[in-house]
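# A structural walkthrough
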Amino acid sequence: MLEQMAVIRYTEKAAYDLFMKGLVKGTTHLAAGHEAIAVGASAALRPDDYVLATYRGHHHAIARGLPPEACLAELMSRATGASRGKGGSMHMTYAKGNMLGSYAIIGAHLPMAAGAAWAAQRRGTEQIAVAFFGDGATNIGVFHETLNLAAVWNIPVLFICENNLYMEYTPIASVTAVKHPAADRAPAYGMPAEIVDGNDVVAVRDAVARHAARARSGKGPTIIEAPTYRHYGHSRTDDGKYRPEEEVREWLAPERDPLPRLEQRVRDAGADPAPALARARATVDAAIEAAKAAPPPDPSEAFTDLWADKEGESWRN
C-alpha cells in the first residue's frame, strides 16, 4: 500500500509539473492527499468489484491497476493514454480494473454505481460497486435520489465521500446544515454510516472491508465518510489561497499527511520504507519519459469509440 500510494503521489506531482510546462492541455484536478482513500478501499475490494469516481479520479484508476504511464499519457493526449488520449484528466477510466470512469458532472456517477451494483445483484455474482464522491455532491439532488433507491432496493453499493472540506472554493461547512455532509444524511434513508480517517490507509481498508462484506451478504448499501485534504487547489487554475494558512499547515504536517504517516507506521513495525519509495520513484520517472515520448493519436481514430443511434429513438420504447 505504501508503494502504491507513493506512485499516486509522484504521478500527481508529475502531472502538475507537466501542466506547468505546457505539456498537459486543459485542466487537471489532482488528488494528492487523497491517496489513502483510493488505495485503502481498493485493498479491501475484489478485482471484479466496480469503482466509479469524480473528475478527481486519477488515484482511483491507478489504485485499480492503471499504469502511471497510461495516466500521464492520457493527460498529454497521447496514443498510449488510458483512453488513447480521448478522455483527458476529467474522464480517467480503466475498464480492465473495473474502474468504470471519472465523471465531470457532480454526482452523475452515483446512479451509475447503483445501476452497476443492481446488475450484479440481479446476476447473483456478489460483486459490489463503490461510488467515490466529494463533499459537494452531498448537496446535489441525485445524491439523495440514489441513496433512497439504493436503500429501497437493498442494492450492494458503497457510497464513499472524500470530504476534503471544500466544494471547489466554498467550505462545505458554510453551506450545509449538518456537521458530516454524507454520514449525517444516512439515517434519513435508513442506511448505516461510518466516519473513518481518510488519511489512514489501514483504517480505510478495514472499514471498506467490513461494509463490503455486509453488502455482499445482502444487507444493502452503506455510506462511508472519509475526511481528508487536497494538497493542491481545486484545479490547476486555482492556487488555493482562500484556505487559511494554519489549516493548510495542519493538514500537510507529516503526522497527518497520509504518505509520511504510513512511512512512519512501516518504520514502527520494524521495516524500511525506503525500497518501496525508491521503486515508486523509478516507476514514475520511467512513466514520465515514456509518456512524453509517446505519439499523438492517429487522426483516423477521431471517429472511433463513438456512439450513434442509427435506428432513431425506437430502442428507448
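Before any of the text, the structure's been laid out above.
Read on for an overview of the structure.

Definitions and cut-offs
Residues numbered from 1 in each chain as written. Predicted model: local features only at pLDDT ≥ 70, side-chain atom pairs only at ≥ 80, totals over all residues. Heavy atoms only, no water. Helix = DSSP H or I, 4+ residues; strand = E, 2+ residues; numbered from the N terminus. Buried < 20%, exposed > 50% of the residue type's maximum accessible area, 1.4 Å probe, protein only. Contact = heavy atoms within 4.5 Å. Areas by Shrake-Rupley, 256 points an atom, 1.4 Å probe, with all protein chains shown as cover. Pairing = 2+ DSSP bridges. Axes fitted to C-alpha atoms, helices over the stretch in contact; angles between N-to-C directions. Parallel < 35°, antiparallel > 145°, perpendicular 65-115°, else oblique. Left-handed = near helix turned anticlockwise from the far one by under 90°. Nonpolar A, V, L, I, M, F, W, Y, C, P; charged D, E, K, R; others polar. Core = buried A, V, L, I, M, F, W, Y, C linked by side-chain atoms within 4.5 Å. Salt bridge = Lys/Arg side-chain N within 4 Å of Asp/Glu carboxyl O. Right-handed = clockwise from strand over helix to strand, strands pointing away. Phe/Tyr/Trp six-rings, centres within 6.5 Å; stacked < 30°, edge-to-face > 60°.

## Section: the overall build of the protein
Within the protein, the secondary structure is distributed over ten helices and eight strands. By its C-alpha atoms, the protein is 55 × 50 × 40 Å across when sized along the principal axes. In the protein, which comprises 317 residues, the share counted as buried stands at 51%. Contacts spanning at least 24 positions in sequence make up 74% of the contacts within the protein whose residues lie at least 6 apart. Surface summary for the protein: the accessible area is close to 14,200 Å², and the carbon and sulfur share equals 55%.

## A look at the sheet that holds strand E4 (residues 157–163)
Spatial strand order, E2-E1-E3-E4-E8-E7: six strands in an open sheet with parallel pairing. The sheet is open, and its two edges are formed by strand E2 (99–103) and strand E7 (193–195), each paired on a single side. In this sheet, neighbouring strand axes are inclined to one another by 15 degrees on average, regardless of whether the strands run parallel or antiparallel. Sheet topology note: the E7/strand E8 (residues 222–227) ladder contains three bridges and is parallel.

## Brief notes about the packing of helix H5 (residues 109–123) against helix H6 (residues 141–153)
The axes of two packed helices give the description: the angle between them and the distance between them. It is at 9 Å that the axes of H5 and H6 come closest, and there the two elements cross at 15 degrees. Classified by the angle between their axes, H5 and H6 sit roughly parallel to one another. As for how H5 packs across H6, the hand of that crossing is left-handed. Mapping the contact onto sequence places Leu110, Pro111, Ala114, Trp118 and Gln121 in H5 and Val142, Phe143, Thr146 and Trp153 in H6. Split into classes, the residues belonging to the contact of H5 with H6 amount to seven nonpolar, two polar and no charged.

## Examining the nonpolar core
The biggest cluster of nonpolar side chains holds 61 residues, and the ones touching the most others in it are Leu72, Leu158, Ile160 and Val208. Broken down by element, this core gets its largest block of residues, ten residues, from helix H1 (residues 2–20). Those residues in contact with valine 208 that lie beyond four places of it in its chain are Ala41, Ala44, Leu45, Leu158, Ile160 and Ile224. Counting residues in hydrophobic clusters, the runner-up holds 23 residues, among them Ala117, Phe143, Tyr189 and Ile223.

## Side note on helix H4 (residues 68–75)
A turn of α-helix holds 3.6 residues, and therefore any two residues three or four places apart point the same way. In terms of burial, H4 is a largely internal element, seven of the eight residues being buried. Taken residue by residue, H4 has Pro68, Ala70, Cys71, Leu72, Ala73, Glu74 and Leu75 as its buried positions. Serine 77 sits one or two residues past H4 and shows a positive phi near 60 degrees.

## A closer look at unusual backbone geometry
Of all residues except glycine, most have a negative phi; of all peptide bonds, most are trans. One non-glycine residue, glutamate 126, lies in positive phi territory at about 65 degrees. Residue position: glutamate 126 is located in the loop between H5 and strand E3 (129–134). Overall, glutamate 126 belongs to the partly exposed group, its relative accessible area being 48%.

## So, the pattern of salt bridges
Applying the stated criterion across every chain yields a total of 14 salt bridges. Residue glutamate 35 is joined to arginine 9 by a salt bridge in which the shortest nitrogen-to-oxygen separation is 2.5 Å. Pair noted here: glutamate 35 is in helix H2 (residues 35–44) and arginine 9 is in helix H1, with a separation of 26 residues, a long-range link. Aspartate 206 is the partner of arginine 205 in a salt bridge, and the nearest nitrogen-oxygen pair spans 3.1 Å.

## Comments concerning the packing of H4 against helix H10 (residues 274–293)
Relative to each other, H4 and H10 sit at 40 degrees, their axes nearing to 8 Å. In terms of orientation, H4 lies oblique with respect to H10. Note that H4 runs across H10; the crossing there is right-handed. Side by side, H4 and H10 meet where Pro68, Glu69, Leu72 and Ala73 of the first sit next to Thr283, Ala287, Ile288, Ala290 and Ala291 of the second. The residue makeup of the contact of H4 with H10, split by class, is seven nonpolar, one polar and one charged.

## Here we look at the pairing of E3
A large share of E3 lies buried, amounting to five of its six residues. Bridge analysis of strand E1 (residues 50–54) against E3 gives three bridges, and the strand direction is parallel. When the bridges of E3 are listed, valine 51 appears paired with valine 130. Direction of pairing for E3 relative to E4: parallel, over a ladder of six bridges. Within the sheet, the bridge partner assigned to alanine 131 lies in E4 and is phenylalanine 159. On the question of chirality, the crossover connecting E3 to the parallel E4 by way of H6 is right-handed.

## A word on the pairing of E4
Here E4 lies mainly inside the structure; seven of its seven residues are buried. Here E4 shows a buried face lined by Val157, Phe159, Cys161 and Asn163 and a second buried face lined by Leu158, Ile160 and Glu162.

## Things to note about the packing of aromatic side chains
The description of two aromatic rings rests on the distance between their centres and on the angle between their planes. Throughout the structure, instances matching the rule amount to six aromatic pairs. Seen from their ring centres, tyrosine 16 and tyrosine 232 are 5.1 Å apart, and the 25 degrees between their planes marks the pair as stacked. Of this pair, tyrosine 16 sits in helix H1 while tyrosine 232 sits in the loop between E8 and helix H8 (245–252), and the two are 216 residues apart along the sequence. Taking relative accessible area as the criterion, tyrosine 16 reaches 23% and is therefore assigned partly exposed. Note on tyrosine 232: relative accessible area 17%, which makes it buried. Pairing phenylalanine 133 with phenylalanine 143 gives two aromatic rings, centres 5.6 Å apart and planes at 55 degrees, and the pair type is tilted. Pair noted here: phenylalanine 133 is in strand E3 and phenylalanine 143 is in helix H6, with a separation of ten residues, a long-range link.

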